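Spelled out, the chains give:
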Amino acid sequence: GGNGLGLTISQRLVQLLGGTLQVHSQAGVGSRFELWLPLQAVPAPAPAPAAPHAVVAAAAPSAHCFLVVDDHPVNRLLVRQALLQHWPGCAVHECADGAQALQWLAEGGRCTLVLMDMVMPGMDGTEVTQRLRAHPDWRHIPVLGLTANVNPQDLARFEAAGLNGLLFKPFELAQLRAQIERLLPAAPAKPDRKSTRLNSSHGYIS
């Protein structure tokens, strides 16, 4: 579902380039989009000299445990890959909605930081964050909000719920890592066996 903004924006961009965008749609069959641009063939540019490869120091194994709460599997996969690449050896537990996250914590799950989506079916990120801040055992856990919503009222409620940071989607990996490093405690808690067992058995793609 959606509001059709993507099509409208695409049409305006095509028009600015002097082209046309058409759609042919039939219910129950599908849609075909035709894009025409007034382009001309030109010789290929000369290859630029290769830039020297930067040497990146390998990060030390991490004992951090991250809780990723997002209803879209692709978003969770992207965040998990970024976490494992920058913090090798960390544990990552995924939840598809707020209720799952609270249940996992209530059953003894432990995490160093929560990456919280704002818009989710059922219990959204704002309510989950409020409940975390109201619980004596969870109120200290840093929460980094992740959202594509730019509505000022929604963002204000999300931040007022008790966020420690907010990042807009789509985010740059460097920005994500910088925000997480700012929020991580100096001495990470060792993930419990339950977290590690859940992660390995479900493969983080729940």
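Details of the structure are given in the entry above.
One structure accompanies this document, and this report is about it. Just so it is clear, the structure is predicted and the values come from calculations on it, not from any experiment.

**Let's talk about the sheet that holds strand E4 (residues 91-95)**
Judged by pairing direction, the sheet is parallel, and its five strands sit side by side in the order E4-E3-E5-E6-E7 without closing on themselves. Strands with a single pairing partner mark the edges of an open sheet, and in this sheet they are E4 and strand E7 (165-168). Each strand axis lies, on average, 20° off the axis of its neighbour in the sheet, ignoring direction. Against the sheet, helix H5 (residues 152-160) touches strand E5 (113-117), strand E6 (143-147) and E7, its axis set at about 145° to E7.

**Some remarks on the packing of aromatic side chains**
Going through the model one piece at a time under the given rule, you end up with one aromatic pair. A centroid spacing of 5.6 Å and a plane angle of 55° characterise the contact between Phe-66 and Trp-87, whose relative ring orientation is tilted. Taken as a pair, Phe-66 in strand E3 (residues 65-69) and Trp-87 in the loop between helix H2 (73-86) and E4 lie far apart in primary sequence, 21 residues in all. Relative accessible area serves as the criterion here: at 0%, Phe-66 is assigned to the buried category. For Trp-87, a relative accessible area of 8% puts it in the buried group.

**Here's the deal with unusual backbone geometry**
Cis geometry is adopted by the peptide bond preceding Pro-170, which originates at Lys-169 and carries an omega value of -10°. Inspection of the secondary structure assignment puts Pro-170 in the loop between E7 and helix H6 (173-183).

**So, the packing of H2 against H6**
Where H2 meets H6, the axes come as close as 11 Å, and the angle between the chain directions of the two elements is 65°. Compared by their axis directions, H2 and H6 come out roughly perpendicular. Judged by the sense of rotation from one axis to the other, the crossing of H2 with H6 is right-handed. Packed against H2, whose contacting residues are Ala-82, Leu-83, Gln-85 and His-86, the element H6 presents Leu-173, Leu-176, Arg-177, Ile-180 and Glu-181 at the interface. When its residues are assigned to classes, the contact of H2 with H6 shows five nonpolar, two polar and two charged.

**Regarding the nonpolar core**
Membership of the largest hydrophobic core comes to 24 residues, with the highest contact counts inside it found for Leu-67, Val-69, Cys-111, Val-114, Met-116 and Leu-132. Only E3, E4, helix H3 (98-106), E5, helix H4 (125-134) and H5 provide two or more residues apiece to this core. Broken down by element, this core gets its largest block of residues, four residues, from H3. Excluding residues within four positions of it along the chain, Val-114 makes contact with Leu-67, Val-69, Ile-141, Pro-142, Val-143 and Leu-144. Counting residues in each nonpolar core, the second largest holds 18 residues, with Leu-83, Trp-87, Val-92 and Leu-146 among its members.

**Some details on helix H1 (residues 5-16)**
Its twelve residues give H1 an end-to-end C-alpha distance of 17 Å, which sits within 8% of 16 Å, the value for a rise of 1.5 Å per residue. Gly-18, located one to two residues past H1, shows a positive phi value of around 85°.

**Here we look at H3**
By the burial criterion, the buried members of H3 are Gly-98, Ala-101, Leu-102, Trp-104 and Leu-105. Projected down its long axis, H3 shows its buried positions confined to an angular sector of 160°, all on one face. The residue sitting at the N-terminus of H3 and contributing the capping side-chain oxygen is Asp-97; that oxygen lies 3.1 Å from the backbone nitrogen of Ala-99. Where H3 ends, the next residue or the one after it, Gly-108, has phi of about 110°, a positive value.

**Details of the pattern of salt bridges**
Inspection of the entire model under this criterion finds seven salt bridges. For Arg-80, the salt bridge identified is with Glu-94, shortest N-O distance 3.5 Å. One end of the pair, Arg-80, is in helix H2; the other, Glu-94, is in strand E4, with 14 residues separating them in the sequence. A relative accessible area of 6% places Glu-94 in the buried class. Taken together, the shared-partner salt bridges in this structure form one network comprising Asp-70, Asp-117 and Lys-169.

What counts, and at which threshold
- Residues numbered from 1 in each chain as written.
- Predicted model: local features only at pLDDT ≥ 70, side-chain atom pairs only at ≥ 80, totals over all residues.
- Heavy atoms only, no water.
- Pairing = 2+ DSSP bridges.
- Helix = DSSP H or I, 4+ residues; strand = E, 2+ residues; numbered from the N terminus.
- Axes fitted to C-alpha atoms, helices over the stretch in contact; angles between N-to-C directions.
- Contact = heavy atoms within 4.5 Å.
- Phe/Tyr/Trp six-rings, centres within 6.5 Å; stacked < 30°, edge-to-face > 60°.
- Buried < 20%, exposed > 50% of the residue type's maximum accessible area, 1.4 Å probe, protein only.
- Parallel < 35°, antiparallel > 145°, perpendicular 65-115°, else oblique.
- Left-handed = near helix turned anticlockwise from the far one by under 90°.
- Nonpolar A, V, L, I, M, F, W, Y, C, P; charged D, E, K, R; others polar.
- Core = buried A, V, L, I, M, F, W, Y, C linked by side-chain atoms within 4.5 Å.
- Expected span 1.5 Å × (residues − 1).
- Arc of directions from axis to C-beta.
- Polar contact = N/O pair within 3.5 Å; in protein donor to acceptor, adjacent residues only side chain to side chain.
- Salt bridge = Lys/Arg side-chain N within 4 Å of Asp/Glu carboxyl O.

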